[in-house]
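# Structure at a glance
Here's the letter readout for the chains.
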Amino acid sequence: MSESGRVLGVLISGRGSNLQAILDAVATGSLNAQVGIVLSNVASAPGLERAKQAGVPTVVLSHNEFSSREEFDHRIIEILRHHKVDLVCLAGFMRLLSPVLLRAYPERILNIHPSLLPAFVGLHAQRQAVKYGAKVSGATVHLVDEDLDHGPILLQQAVPVQDDDDEETLSERILEQEHQLYPKAIGLVLDGKARVEGRRVVIRDGK
Ligand code: GRF
């Protein structure tokens, strides 16, 4: 853990636009934190370049090189600890975490999901919302637990689904909100303004 208590480890697998939103919020000072390490399980993830541009160290760790999820997570923990990470942010990280990693960072791992949970869990949440005929979808930042897209909810933002939306147009509209929501949620956690009470997260001073 760091002295400041404000070092982030961001885990990605792809594009990294949420990582970029975090990096931008740090750069402008709207998020008082430091990104200590960006870890990707995919070597070709475009988000790695975003980290490099921001001068943030990166690590590629392919899950295929490990014989179990637990071993993979043990190595992730070593890397996070080496970089004195206080808070882990999953940003399009396409792996489920094992209890090994969850126990190493209790209530200190966040995820962002492109729907209003518990609706539309899993892959292609925006496609699911369009297909279902939902009139409203959105974005959710939640604490991570052992189940997929399941842990206590920190913040949500609703986004209307328009009649002519397809997966792409809805994804774009939701993504704009994700980029606002994630840095905000991270700030609340780092500032100690989010208190977990069972499934509920009570936000003090939440805006
Ligand atoms: C986002 O839609 C996020 O909600 C989901 O995966 C996507 C990642 O996008 N978990 P990006 O890599 O941050 O651009």
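Note: the structure precedes this text.
Reading guide: rules and limits
- Residues numbered from 1 in each chain as written.
- Predicted model: local features only at pLDDT ≥ 70, side-chain atom pairs only at ≥ 80, totals over all residues.
- Heavy atoms only, no water.
- Axes fitted to C-alpha atoms, helices over the stretch in contact; angles between N-to-C directions.
- Helix = DSSP H or I, 4+ residues; strand = E, 2+ residues; numbered from the N terminus.
- Parallel < 35°, antiparallel > 145°, perpendicular 65-115°, else oblique.
- Left-handed = near helix turned anticlockwise from the far one by under 90°.
- Contact = heavy atoms within 4.5 Å.
- Nonpolar A, V, L, I, M, F, W, Y, C, P; charged D, E, K, R; others polar.
- Buried < 20%, exposed > 50% of the residue type's maximum accessible area, 1.4 Å probe, protein only.
- Pairing = 2+ DSSP bridges.
- Right-handed = clockwise from strand over helix to strand, strands pointing away.
- Phe/Tyr/Trp six-rings, centres within 6.5 Å; stacked < 30°, edge-to-face > 60°.
- Near = heavy atom within 4 Å.
- Polar contact = N/O pair within 3.5 Å; in protein donor to acceptor, adjacent residues only side chain to side chain.
- Areas by Shrake-Rupley, 256 points an atom, 1.4 Å probe, with all protein chains shown as cover.
- Patch = residues over 30% accessible without salt bridge, like charges linked within 9 Å, V, L, I, M, F, W, Y side chains within 5 Å.
- Salt bridge = Lys/Arg side-chain N within 4 Å of Asp/Glu carboxyl O.

### Regarding the packing of helix α5 (residues 125-132) against helix α6 (residues 167-190)
Their axes nearest at 9 Å, the elements α5 and α6 cross at an angle of 120 degrees. In terms of their interaxial angle, α5 and α6 are classed as oblique. As for how α5 packs across α6, the hand of that crossing is right-handed. Residues Gln 126, Arg 127, Ala 129 and Val 130 of α5 lie in contact with α6, whose contacting residues are Glu 167, Leu 170, Ser 171 and Ile 174. Among the residues making up the contact of α5 with α6, the classes are represented as four nonpolar, two polar and two charged.

### Observations concerning the pairing of strand β2 (residues 34-40)
Along β2, six of the seven residues are buried, which leaves the element largely enclosed by surrounding structure. Looking at chain direction, strand β1 (residues 7-12) and β2 are connected through six bridges and run parallel. Following the sheet pairing, Leu 11 is matched in β2 by Leu 39. On the question of chirality, the crossover connecting β1 to the parallel β2 by way of helix α1 (residues 17-28) is right-handed.

### Concerning the packing of aromatic side chains
If you walk through the whole model with that rule in mind, you get two aromatic pairs. Their ring planes at 65 degrees and their centres at 5.7 Å tell us that Phe 120 and Tyr 132 sit as a pair that is edge-to-face. Remark: Tyr 132 occurs in helix α5 and Phe 120 occurs in the loop between β5 (109-113) and α5; sequence separation between them is twelve residues. With relative accessibility at 67%, the residue Tyr 132 sits in the exposed group.

### Details of the site of the ligand
Taken together, Arg 15, Gly 16, Ser 17, Asn 18, Gly 92, Ile 112, His 113, Pro 114 and Glu 178 make up the full set of residues near the ligand. Interatomic distance of 2.8 Å between a backbone N/O atom of Gly 16 and an oxygen atom of the ligand. In the environment of the ligand, an oxygen atom lies 2.7 Å from a nitrogen or oxygen atom belonging to the side chain of Glu 178. Surface burial for the ligand is 85%, taken as the share of its 360 Å² of free accessible area covered by protein chains.

### Looking at a nonpolar patch on the surface
Judged by side-chain polarity, Leu 96, Val 121 and Leu 148 come together as a nonpolar surface patch covering roughly 230 Å² of accessible area. Along the polypeptide, Leu 148 turns up in the loop between β6 (136-143) and β7 (153-160). Accessibility expressed as a relative area gives 45% for Leu 148, which makes it partly exposed.

None of this, on its own, says anything about what the molecule does.
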